[in-house]
Every structure is written in C-alpha cells, then in structure tokens.
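Understanding the architecture of this molecule
This is what each chain is made of:
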Amino acid sequence: MGFEELLGQVGGFGPFQLRNVALLALWPRILLPMNFLLPIFLAAVPAHHCVLPGAPAHVSQDMWLEAHLPREPDGTLSSCFRFTSAQALPNTTLGGEGQSPGELPGAPSTEPCPLGWEYDHSEFSSTIATESQWDLVCEQKGLNKATSTFFFIGVLVGAVAFGYLSDRFGRRRLLLVAYVSALGMGLACAASVNYIMFVITRTLTGTALAGFTIIVMPLELEWLDVGHRTVAGVLSSTFWTGGVMLLALVGYLIRDWRWLLLAVTLPCVPGIVSLWWVPESARWLLTQGRVEEARRYLLCCARLNGRPVGEDSLSLEALRKVAAAERVVRRPSYLDLFRTPRLRHISLCCMMVWFGVNFSYYGLSLDLTGLGLNMYQTQLLFGAVELPAKLLVYLSVRHAGRRLTQAGTLLGTALTLGCRLLVSAEKVYWSTALAVVGKGFSEAAFTTAYLFTSELYPTVLRQTGMGLTALVGRLGGSLAPLAALLDGVWPSLPKLTYGGIALLAACTALLLPETKKAQLPETIQDVEGKSAPPSPQEEQVPMKQVHD
C-alpha cells in the first residue's frame, strides 16, 4: 500500500486540507508579494534637483531654477547637474551669484550637485532614495537598483538553504524558522541607520522569506489527493494576488519607507501563531521512518474529515510497511537531482523555466513608468489582472495540461513584450494595455511553475528540487532590476531582453514531462519508472498515470 491509498482512507480533500491550505496561504502568500514588490514604493525616486541658494524676493522659483539648472535633451531641467555659475535671464539681475546679463560668453559649464539634492515630497515623505546622507540618485542610482538585487540574492541563498534543510529536518519546523527570521530581519531593516545596514538586513530578510516560497506549496500538495491539487494550488496563489493589490493600498496610505517596511513585516506575528494548527507532512515523516508521528497526523486528518477510520485501520505495522518502501536510506543532496537521467533532464529544464519566469515577471512588475497612470493605480491594476490569470491557469492545466500551460503563458509574456516594442511612445494607452496583459501572462506562468515543479520531483527530493529551481529563479529575479539599466544603451533593450528570455523558457518548458492526473512520485525510482536502482543505460519509461 502506498501513501495515496493511505490518503484515500483518511480523506484526500476535506476540512483538514482546507484548513491547511488556508493557514499556509493566508500569511505567507500575502507577505511574499508585499515584500518582493516593495521596492516599487520603498525605492521610489521622486522629482529632484540640486540644492540651490535661496532665490531673491524679486525672482520667481521657476526663473531661479532656469538660471541654475541646465536642460536635458528632452527639454526637462536636469536632476543631476547645475551650472557652475548662475545664468542671466532677460530683464533680470541674479543676486547672490555675481552674474548679470551679458557676462557669460560661450557655453556655460556644469557640475554635479555639490550641496546635495532637494526632493519633491508631495508624493512620498521619504524613500530610501531620499534618505538623509544616502541620496541614491544620479551617480548613486545604481545603488538604489542594487537593493532589489541584493534582496533577491538573499532569496536565492535562502532557497538553497531551506530546500535542503526542510528535506532533512521537516517542513513545519523550517517554516517557523522562516517566520521568526523574517520578523527579526524586517524590524532591523526598518531601523537601519545607514545604507550598508539596510542592504545587509534586507538581504537577510530575503533569505528568510525564501522559506515561504520553498515550503508552502509542497506542504499543501503533500496532504492533497490527485484530483484536488490543481484547485488548491490555484486557490492558494490567489492570496498572492491579494497581497499585490494590498500593497497598492498600503503604499498609498503609508508614505514613509520605515513605517511601510514595518507594515509589511508585522503580519509575521499572526503567521507564527497560525503554525500551531499546521501539520507536518505525513509523506515526509514516512520517508524518514517516523511512523508514530505520521500516524498521529493521519488520525487527526481522518477525524476532521469525518472518515470512520479506527486506530486498527492505521496500525503501526501497516504504516511501517509503507515507510519501508519510501524511507530515505541516506540524506538527500543536490547532487541527487543530477545522478539519474530523467531527474537530470527535469532539473535542467526546470532551472531554465524558473529563470525565465522570474526574470520576465519582476522585469514587468518593478517597472511602472510610462503607462499613463500613477504608480498606485498601476499597481492595483497589475494586481487585479492576476485574478483572471488564475482562472486561465485553472482551466488550462485541467484541459491542456501543465506543460502546454507553462509554455503558453511564457510565450504570451514574450509576445506582449515584443508588441510593446512596436508601439510608439505617444500611444500610451496601447502600451498600458499590453503591459497589463503581459503582467497577467507572467503571473499565470509563475502560478503554473509552482504547481508543475512540485509535481515533477519525488517526495524524498521535492524540497531539494524546489530549492534548486527557486535558486535559479531568484537569480533571474535579482538580475531583472539591473537589466532595467540597459535603457542607457538603448531604450528598448530591457523589454527585448525580458521577452527573449521568456521565449527561451517557453521552448524549454515543452521538453518537460506532463504531470496531468499523475500521482505524486514518492521515490527517485518512481520518477525514473524503475523498480531497481536506475542506471543511465536503462530505458526510461513515462511517469505512472491515474485515470478518471
């Protein structure tokens, strides 16, 4: 008897699973987008210009700016340079700089802002870009973009650590570590006194939050039967959409970056409390030979689901037989993902898919400029479009399958990015419509990737496999903000890069095996389709299927 039969006895979908999905989706799934997309508001750069001497009473502010600031090629006043000497304006004598009409022959010279910058605080009271002594603008704007990169590097490292450790020490225990670490690092980050402290604590926050991305989905799926994995996965991901839309509201209400950071960190507290009702994975417990603990959770599942299962029906002897077939002889490692041919193929393809999904998603999500709406409206619209994207995923994976859905959503993302390159800058609303559609496709690709990848790896390596693919995915997420700097080479180059990578990932997704209506594999042999230890020379056979 396998675990699927055990789950059938205690109920593969009922109040026990609904409670589990709700608790695992509510806090982690809302916290993740609010932190991952936080730089939209946290690192926003308001209008700014060099600090200037005070204007005389007889000179208007606009004239004073004209006299001190050069113009950019697009006609706007410079944000990063000022004239070394004030320029005279017609019928005006400029006091304080020793200049008067006709005194400046030839082209005026300019210099970087020697006294710092003056910021427009009408939209934000403060961001990390405007923080005193930080001034992450002009020559320092790369440091502003780098904060997102460092955060995703932390997520990348955390994906490796949590994937490996949760396969060794359990899903529930490591989820608690993720919650506590995210809370502590978030509070420290909000209290940062300099840029270095902010970057370090923000990076460690990303490391902690990676635990949510790696643990939550598999822990949900490992308690679900085959028929309800899709609906539960899509339902869980709708909480992410709620977090995206909630971020727009929180960012609108809180305009100070320190208080904003506190607002997206404190929900970790009720999340920690909710773990009291979250069960450990019985699948994982059996693979570790911890039969008594697995039996206790299975009986709890049967009781909440109203299944008349007596203790004799789940005897220790019966569970030991299941555990003997699934028990891990040695601890899993990342090398196990590449030892056998089928797992190696799956791992390499998933790495490319996850890189493309993250790179295109965050490239679209973190760029809210040039869309004809303010950032709060755009963020709300980007969140709202994710709801029909979830419905698209739910219908598509049930009928077209996981593989075609993954490839199709990535292809849709690439095509919308390509179409935006063909739309002129004057057609703002067309560009906005394409950006929204592209965001919907990229979110659908993200939702599918979590569900698809969780079903490809066996239980003994599921967390390790999710950790590896998330690692590569977060590498894509960390590079996405830096790719936006390519607009200095050619304005369309960032969109071309995002679309090209998404197209490559779509083609790679077609090389993965289909998992529609397939049982979750328990061991490496289940994936390889062999009863004996696999060897590269042996013939590969498809994953076993269950029928309607």
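Residues numbered from 1 in each chain as written. Predicted model: local features only at pLDDT ≥ 70, side-chain atom pairs only at ≥ 80, totals over all residues. Heavy atoms only, no water.

Let us now look at the nonpolar core. Membership of the largest hydrophobic core comes to 120 residues, with the highest contact counts inside it found for Phe-36, Phe-198, Phe-212 and Tyr-362. Ranked by residue count, the leading element in this core is helix α7 (residues 195-221), at 13 residues. Two domains each put at least three residues into this core: domain 1 (1-36 + 138-329) and domain 2 (336-516). Contact partners of Phe-198, with chain neighbours within four places excluded, come to Leu-42, Ile-128, Trp-134, Thr-147, Cys-189, Ser-192, Trp-257 and Leu-261. Grouped together as the second largest cluster of nonpolar side chains are 20 residues, Phe-3, Ala-282, Val-291 and Tyr-297 included. (Core = buried A, V, L, I, M, F, W, Y, C linked by side-chain atoms within 4.5 Å. Buried < 20%, exposed > 50% of the residue type's maximum accessible area, 1.4 Å probe, protein only. Helix = DSSP H or I, 4+ residues; strand = E, 2+ residues; numbered from the N terminus. Domains from an automatic or database assignment. Contact = heavy atoms within 4.5 Å.)

The next point concerns the environment of Gly-440. With respect to the helices, strands and loops of the structure, Gly-440 is situated in helix α19 (residues 428-456). In this structure Gly-440 comes out as buried when scored by relative accessible area, which is 9%. Placed 55 residues apart in sequence, Gly-440 and Val-385 show a C-alpha to C-alpha distance of 5.5 Å. Excluding its chain neighbours within four sequence positions, the residues that come into contact with Gly-440 are Val-385 and Ala-389.

Turning to the UniProt feature "transmembrane region" (unreviewed entry) in the chain, a few remarks are in order. Those places that UniProt annotates as "transmembrane region" (unreviewed entry) correspond, in this numbering, to residues 146-165, 174-193, 199-219, 231-253, 259-278, 346-364 and 376-397. Taken end to end, residues 231-253 is 100% helix and 0% strand, and its first and last C-alpha atoms sit 34 Å apart. Secondary structure within residues 259-278 divides into 70% helix and 0% strand; the distance between the first and last C-alpha atoms comes to 30 Å. (UniProt positions renumbered as here; feature names shortened; annotations may be inferred.)

Quick look at the confidence of the model for the chain now. Of all residues in the chain, 88% have pLDDT values of 70 or greater, and the mean over the chain is 81. Mean pLDDT across the elements of the chain ranges from a minimum in helix α13 (residues 316-326), with 69, to a maximum in helix α9 (residues 257-265), with 94. Note that residues 93-105 has pLDDT below 50 and, in this model, 29 contacts with residues that lie over four places away or in other chains. Note on residues 531-548: pLDDT is under 50 here. Beyond four places in sequence and across chains, it has 36 contacts. (pLDDT = per-residue confidence, 0-100.)

Along the polypeptide, Arg-229 turns up in helix α8 (residues 229-253). Expressed as a C-alpha distance, the spacing of Arg-229 and Phe-13, which sit 216 residues apart in the sequence, is 9.2 Å. Once you skip the residues sitting within four places of it in the chain, Arg-229 turns out to touch Leu-221, Leu-224, Leu-451, Glu-455, Thr-515, Ala-518, Gln-519 and Leu-520.

Attention now goes to the state of the cysteines. Within the structure shown, the criterion is met by two disulfides. The side chain of Cys-50 participates in a disulfide bridge whose partner is Cys-113; the two sulfur atoms lie 1.8 Å from each other. Disulfide Cys-50-Cys-113: torsion about the S-S bond near -65 degrees, hence left-handed. Of this pair, Cys-50 sits in strand β1 (residues 48-50) while Cys-113 is found in the loop between β3 (110-112) and β4 (117-119), placing the two residues 63 residues apart along the sequence. Accessibility expressed as a relative area gives 0% for Cys-50, which makes it buried. A relative accessible area of 10% means that Cys-113 is categorised as buried. Across the disulfide from Cys-80 sits Cys-138; the S-S distance is 2.0 Å. Residues Cys-80 and Cys-138 are joined by a disulfide whose S-S torsion is about -95 degrees; by sign, that bridge is left-handed. Placement of the pair is Cys-80 in the loop between α4 (61-68) and β2 (81-83) and Cys-138 in the loop between β4 and α5 (141-169), with a sequence separation of 58 residues. Like Cys-138, Cys-80 is buried. (Disulfide = S-S within 2.5 Å.)

Once that is clear, we can look at the side chain of Glu-386. Examined against the element boundaries, Glu-386 turns out to sit in helix α17 (residues 386-399). Within the structure, Glu-386 has its side chain in polar contact with the side chain of Tyr-361 (distance 3.2 Å). The residues touching Glu-386, leaving out its near neighbours within four places in the chain, are Trp-240, Thr-241, Val-244, Tyr-361, Lys-439 and Glu-443. (Polar contact = N/O pair within 3.5 Å; in protein donor to acceptor, adjacent residues only side chain to side chain.)

Okay, the packing of aromatic side chains next. Taken as a whole, this structure holds 25 aromatic pairs when the rule is applied. Between Phe-36 and Trp-240, the aromatic rings sit 6.2 Å apart at their centres with planes inclined by 85 degrees, giving edge-to-face as the arrangement. Of this pair, Phe-36 sits in helix α2 (residues 15-36) while Trp-240 sits in helix α8; the two residues are 204 residues apart in sequence, bridging distant segments of the chain. For the pair formed by Phe-36 and Trp-240, the shared burial category is buried. Between Trp-134 and Tyr-195, the ring centres sit 6.3 Å apart and the planes meet at 85 degrees, which makes this aromatic pair edge-to-face. One end of the pair, Trp-134, is in the loop between β4 and α5; the other, Tyr-195, is in helix α7, and 61 residues separate them in sequence. (Phe/Tyr/Trp six-rings, centres within 6.5 Å; stacked < 30°, edge-to-face > 60°.)

Here the focus is the environment of Pro-112. Within the secondary structure layout, Pro-112 lies in strand β3. Pro-112 sits in the partly exposed class, given a relative accessible area of 41%. Discounting chain neighbours no more than four positions away, the residues touching Pro-112 are Cys-80, Phe-81 and Glu-139.

Let us now look at unusual backbone geometry. Backbone geometry places Gln-133, a non-glycine residue, at a positive phi of 75 degrees. Its location among the elements puts Gln-133 in the loop between β4 and α5. In this structure, Asp-135 takes a positive phi of about 45 degrees despite not being glycine. With respect to the helices and strands, Asp-135 occurs in the loop between β4 and α5.

Turning our attention to helix α15 (residues 341-365). With 25 residues, α15 should reach 36 Å at 1.5 Å per residue; the first-to-last C-alpha distance of 36 Å fits that figure. When you tally the buried positions in α15, you get 20 out of 25 residues, the bulk of the element. (Expected span 1.5 Å × (residues − 1).)

Side-chain pairing between opposite charges can occur once the charged atoms of the two side chains come close. Under the counting rule described, the total for this entry stands at 10 salt bridges. Taking the shortest distance from any N to any O, the salt bridge between Glu-443 and Lys-390 comes out at 2.2 Å. In this pair, Glu-443 is assigned in helix α19 and Lys-390 in helix α17, connecting sequence segments 53 residues apart. For Glu-455, the salt bridge goes to Arg-402, with nearest N and O atoms at 2.9 Å. With Glu-455 in helix α19 and Arg-402 in helix α18 (residues 402-422), the pair connects residues that are 53 residues apart, well separated along the chain. (Salt bridge = Lys/Arg side-chain N within 4 Å of Asp/Glu carboxyl O.)

On to a nonpolar patch on the surface. A grouping of Leu-246, Leu-249, Tyr-252 and Leu-253 is seen on the molecular surface, where their side chains present a nonpolar patch of about 410 Å² in accessible area. Tracing the chain through its elements places Tyr-252 in helix α8. In this structure Tyr-252 comes out as partly exposed when scored by relative accessible area, which is 48%. (Patch = residues over 30% accessible without salt bridge, like charges linked within 9 Å, V, L, I, M, F, W, Y side chains within 5 Å. Areas by Shrake-Rupley, 256 points an atom, 1.4 Å probe, with all protein chains shown as cover.)

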